[in-house]
Structures are given as structure tokens and as C-alpha cells.
Amino acid sequence: MSIRSTVFALAGVSACLGGIGISPRAMADDDQPLALTIEATEQEATEQTDDADAPAEDAVEADAVVNDAPETDTTATETPAKEEASTATSTAAVPALAPEPPVAPAPVAAPAPAAAKTTVTTTAKKSATTPAAPAAAPKKPVLLPGTGSLVKGIGDDFEDENWKWNYNHPKSSEEQDKRMRGPMGRSVNGRWFEGPKRGTPDVVKRIELPAPGLEGSTHGLLIASLHAGIPGRTTYQMQQDDLIYNMQKVTGRGMSVADNPSVVTRVYMPPFEQWEKRNGPTFGFRSGCYTHAIITGEDHPDKGRFGLEEYWPGMFVCFEPANPKRKTQDSAYLRIRGGRNGGEIRGPKIEQTGWWTLGLSFSPDGMVHYFASPGVDELTMDDHITSQFPYGYRTETLKTFFYNVCTNDDGKTWSTPWVIDDPKVYFVKRQVAATPKAPTKR
């Protein structure tokens, strides 16, 4: 059975504080689509697994998490915004129905072979003497994500058949109600942990890829949420859950921008009919960074004083549902966090679903560079979106990277199902000038 024609469906979901488990079920007939069933298995979701490679401190790095939320407006220009702002979504009446399960990502039709990444513009010929339009000026080269060498011990390809997530519900919600509910959820391999500020996605599950991706890759990680926010409460506002990579296990306090660090990941964007029908952010690919500045954190004991400030640049995938009155179709775009004054910047429109490659790089001058491209090919300058000093900061240290899953916290509507694969971190070994030897006396 061709994987291009494989359809994944998540059915039979029952979200509860005990956790969610998922088990694959293949249909016998090769001509029928492959089904993937989520079954509520409290035992799997809450089972504790001892692993020698996963030290207990893996999931307790509380300051590695974020305490902000994406804006829910769809402004096309950069506007001032605080990192902690969280905007409510529509509070239209919700029909009293049982929660519907998330629909697992289904493969999209293979796109036509992509042309070269250089853009050619054609216009109607007005006359034989009409001069040709000048070619677009090439972009100034910046640090490409994926440049240099891989950082050993960082990343995850999700190919290990023993990959498992321990939920440890109820999830943490320190951002909303100041309650950090330990122990935090974590992966058995010790590479991922639940965000103490906002908690784990309701579904964190290794699955077969919904469509061919990177060469040699067969599995990725499905993340989705139904009950974001405070456990046991419904806010009818946009909430988000965090899946954070444990870079501190390898890099300690982080990587200096003097080493030109960068992060590259692949993300599967399902067909638009499977997206949560809500205007606003639905997925985030972010980083945790440090610089020295005036501390702004509301709960930080040194707020208002000069010190080590943490912030979280990255990008959100934002959905715009079809509007019959305006005769628009379902669409999506990238929103960049953030500009020099802290505002978010509207990025490129997502013209096709399926696999995308996202990248962030951090150059020695403290600037953050944002890249995105459809497909799984390596990033180039044609995929460069923008370069910024978010909040006017010059980045000093890359601490970690993480993913956000956003949903309207109504207790009934699942988030868009996202599949991530093969995140990697790179660096360029800094060049140290040799110290000239002092002349020796004879």
C-alpha cells in the first residue's frame, strides 16, 4: 500500500486527567486506508518507567519554560505586545455535544515538482522597446539554519520503537493559577519534558509518518490537545500546551551565539479540513534565549533591575477559516515573534500543506534569523523570512527549543493534530586567534 494514499484517523478519544494512550490498528485490506486509533488507556498514560538514561532532574528545569502566549489577532503589521499577553478567542455558544476526537494528519496529494527556488516574474510584452524589469536584488547572506556541525546528543528522530511519553497528570498550569503540578511529564529517553508554566499536550505519541518525509525516516511525533489551560476548568479562551526539549542535559546553561547555533525541524501540516476552525495561532516553534537587560518577568524577584533576561523568539502557524461572506477559503500564514519593539510580524502565507522545514539561527551579533520552506529540503537564503533583534535584545545564549500546541479551551474541540520530526541543533566552531609567541632572548 502506497504511503502517499495512507489516511490516518484518530478515533475513540476520551481525554481525562488519567492520560491518553494511542495504539495503531491496521485494516486488513491493502486497498483500504490505514487507520490509527486513539484509545483512552489510563495505564499507559500514567505508567512510570524507570530509565537509566533519563536522570530525575531532566524535567525540573523550570526556568527553561515559557510564560507567554501568542496573540490571537491577525494584524498584518508589527504592533507592540508584551510577551505575557494572552487574548481570548470567540466565545460563541458551543453546542452541547460530546468531545470529538482529533483527526490525525492525512497525507496530501504529492505536489508537482517544485521549480528552482529563484523566482522568475513574467509580464505581458507591451512593445518591442519595453525594457525588461530589473532583477530582484539578492538577499544579504545571513546564518543559514543547519550550517556547521551537529551538536552531538541533541535531537530526536523518533525511530526507537520504545519511545514513550509519561504524562504524569494532572498537568501543570503555573501561568494560569500559580500551580506547578509535579512530577512533570517527560519522555522515557529523557530528551523532552512538560512545560511547568502550561503543561503537556494531551497527546504525545510516536506514530508512522502520515506522508513520506525525510529520506530514511518512518516515524514522527504526534502532538495535540483538548484540555489546555487549568485542569478541570474550561475557560473558552485560547490556551496552549508546551513540549520542551531538554538541551540543558547536554549544553548546561546553553550555547553562546559566538558558536553560531541554529535549530532545524520538520513539521507536517495536515490538510486544512483537519485544522481546528479557529482564527489565530494553532502551532508554535520557539526557542528559549538569554540576554542581559532590564528584567521584565512579572514573577521574577529582580523585576525592574538589570540582570539575566529570558525571552522566547520563534514563529507561529496561524489559521484563517473560510469566510463565505468574504468568499475566502481556508488559509494559513506564519507569524514571527518578534520585532524590535516586541510586536509580532506577519510572515509568508502557507500556500501548500504537507511537510515544512522550519529553522531559527542565532548569529554572534545577537540577531535572530527566521526561515521556513515547504518540503523537507535543506534551507537556503530563498527561505529567509526576516532577521530581528526581538524586543530590542541582542541574544547572548540559546538555551533550548520547544513546540506550542494551541486550542480554544472549550472542552469539546481538539487542536489541529501536528506531527514533528527530526529536530536538530547545529553550531559553527568559533575561530580563536592564535596568540603570537613572545620573542625569546638569545
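In this report, the structure presented in the accompanying data block is examined. (Residues numbered from 1 in each chain as written. Predicted model: local features only at pLDDT ≥ 70, side-chain atom pairs only at ≥ 80, totals over all residues. Heavy atoms only, no water.)

1. Considering the overall build of the protein
Part 1: When helices and strands are tallied, the protein shows three helices and 21 strands.
Part 2: The burial tally for the protein puts 51% of its 442 residues in the buried class.
Part 3: Summarising the internal contacts of the protein: among those between residues at least 6 apart in sequence, 75% fall at separations of at least 24. (Helix = DSSP H or I, 4+ residues; strand = E, 2+ residues; numbered from the N terminus. Buried < 20%, exposed > 50% of the residue type's maximum accessible area, 1.4 Å probe, protein only. Contact = heavy atoms within 4.5 Å.)

2. Let's talk about the packing of aromatic side chains
Part 1: In the structure shown here, the tally under the stated rule is 18 aromatic pairs.
Part 2: Centre to centre, the rings of Phe-158 and Trp-192 are 6.1 Å apart; their planes meet at 25°, and the pair counts as stacked. Of the two residues, Phe-158 sits in the loop between β3 (149-150) and β4 (165-166) while Trp-192 sits in strand β6 (residues 192-194), which places them 34 residues apart along the sequence. There is no split in this pair, since Phe-158 and Trp-192 are both buried.
Part 3: For the pair Trp-275 and Phe-319, a centre-to-centre distance of 5.3 Å together with 35° between the ring planes defines the contact as tilted. Placement of the pair is Trp-275 in the loop between β11 (262-269) and β12 (280-294) and Phe-319 in strand β14 (residues 314-320), with a sequence separation of 44 residues.
Part 4: The class for Trp-275 is buried, based on a relative accessible area of 3%.
Part 5: Feature note: the residues Phe-158, Trp-163, Trp-192, Tyr-245, Phe-272, Trp-275, Phe-283, Phe-285, Phe-319, Phe-401, Tyr-403 and Trp-418 constitute an aromatic cluster, connected by ring pairs.
Part 6: It is Arg-346 that lies over the ring of Tyr-333; its NZ or CZ is 3.7 Å from the centre. (Phe/Tyr/Trp six-rings, centres within 6.5 Å; stacked < 30°, edge-to-face > 60°. Lys NZ or Arg CZ within 6 Å of the ring centre and 35° of its normal.)

3. Quick notes on the pattern of salt bridges
Part 1: What the rule picks out here adds up to 17 salt bridges.
Part 2: With its nearest N and O atoms 3.2 Å apart, the salt bridge here joins Arg-198 to Asp-242. Taken together, the residues span a long stretch of sequence, with Arg-198 in the loop between β6 and β7 (203-208) and Asp-242 in strand β9 (residues 238-245) at a distance of 44 residues. In this structure, Arg-198 and Asp-242 share a single accessibility class: buried.
Part 3: One salt bridge in this structure joins Lys-424 and Asp-422, with 3.5 Å as the shortest N-O distance.
Part 4: With a relative accessible area of 25%, Lys-424 lands in the partly exposed category. (Salt bridge = Lys/Arg side-chain N within 4 Å of Asp/Glu carboxyl O.)

4. Topic: the nonpolar core
Part 1: Counting residues in each nonpolar core, the largest one holds 49 residues, and the members touching the most others are Trp-192, Ile-223, Phe-283, Phe-285, Phe-401 and Ile-420.
Part 2: In this view, Phe-401 contacts Ile-154, Trp-192, Ile-244, Tyr-245, Met-247, Val-263, Phe-285, Arg-286, Ser-287, Pro-423 and Val-425; residues no more than four positions away in its chain are not counted.
Part 3: Formed by eleven residues, the second largest nonpolar core is a distinct cluster that contains Val-203, Ala-211, Ala-224 and Leu-226. (Core = buried A, V, L, I, M, F, W, Y, C linked by side-chain atoms within 4.5 Å.)

5. A closer look at the side chain of His-369
Part 1: Assignment of secondary structure puts His-369 in strand β18 (residues 368-374).
Part 2: Within the structure, His-369 has its side chain in polar contact with the side chain of Ser-363 (distance 2.8 Å).
Part 3: Among the polar contacts listed, one links the side chain of His-369 to the side chain of Ser-387, at a separation of 2.6 Å.
Part 4: Not counting residues up to four positions away in its chain, the partners in contact with His-369 are Val-142, Leu-143, Gly-359, Leu-360, Ser-361, Ser-363, Thr-386 and Ser-387. (Polar contact = N/O pair within 3.5 Å; in protein donor to acceptor, adjacent residues only side chain to side chain.)

6. Some thoughts on the environment of Gln-237
Part 1: Of note, Gln-237 is situated in the loop between β8 (219-224) and β9.
Part 2: Taking relative accessible area as the criterion, Gln-237 reaches 34% and is therefore assigned partly exposed.
Part 3: Sequence separation between Gln-237 and Asp-409 is 172 residues, and the spatial gap between their C-alpha atoms is 5.5 Å.

7. Considerations on the pairing of strand β16 (residues 344-349)
Part 1: Bridge analysis of strand β15 (residues 331-337) against β16 gives four bridges, and the strand direction is antiparallel. The residue of β16 that forms the bridge with Arg-337 is Glu-344.
Part 2: Counted along the chain from β15 to the antiparallel partner β16, the turn is six residues long, and its residue Gly-342 has a positive phi close to 95°. (Pairing = 2+ DSSP bridges.)

8. Thoughts on the side chain of Ser-361
Part 1: Of note, Ser-361 is situated in strand β17 (residues 354-362).
Part 2: Ser-361 gets classed as buried once you look at its relative accessible area, which sits at 0%.
Part 3: From its side chain, Ser-361 meets the backbone oxygen of Leu-143 in a polar contact 2.6 Å long.
Part 4: If near-sequence neighbours (up to four positions away) are discounted, Ser-361 is found in contact with Leu-143, Leu-144, Pro-145, Pro-261, Ser-262, Met-367, Val-368, His-369 and Phe-371.

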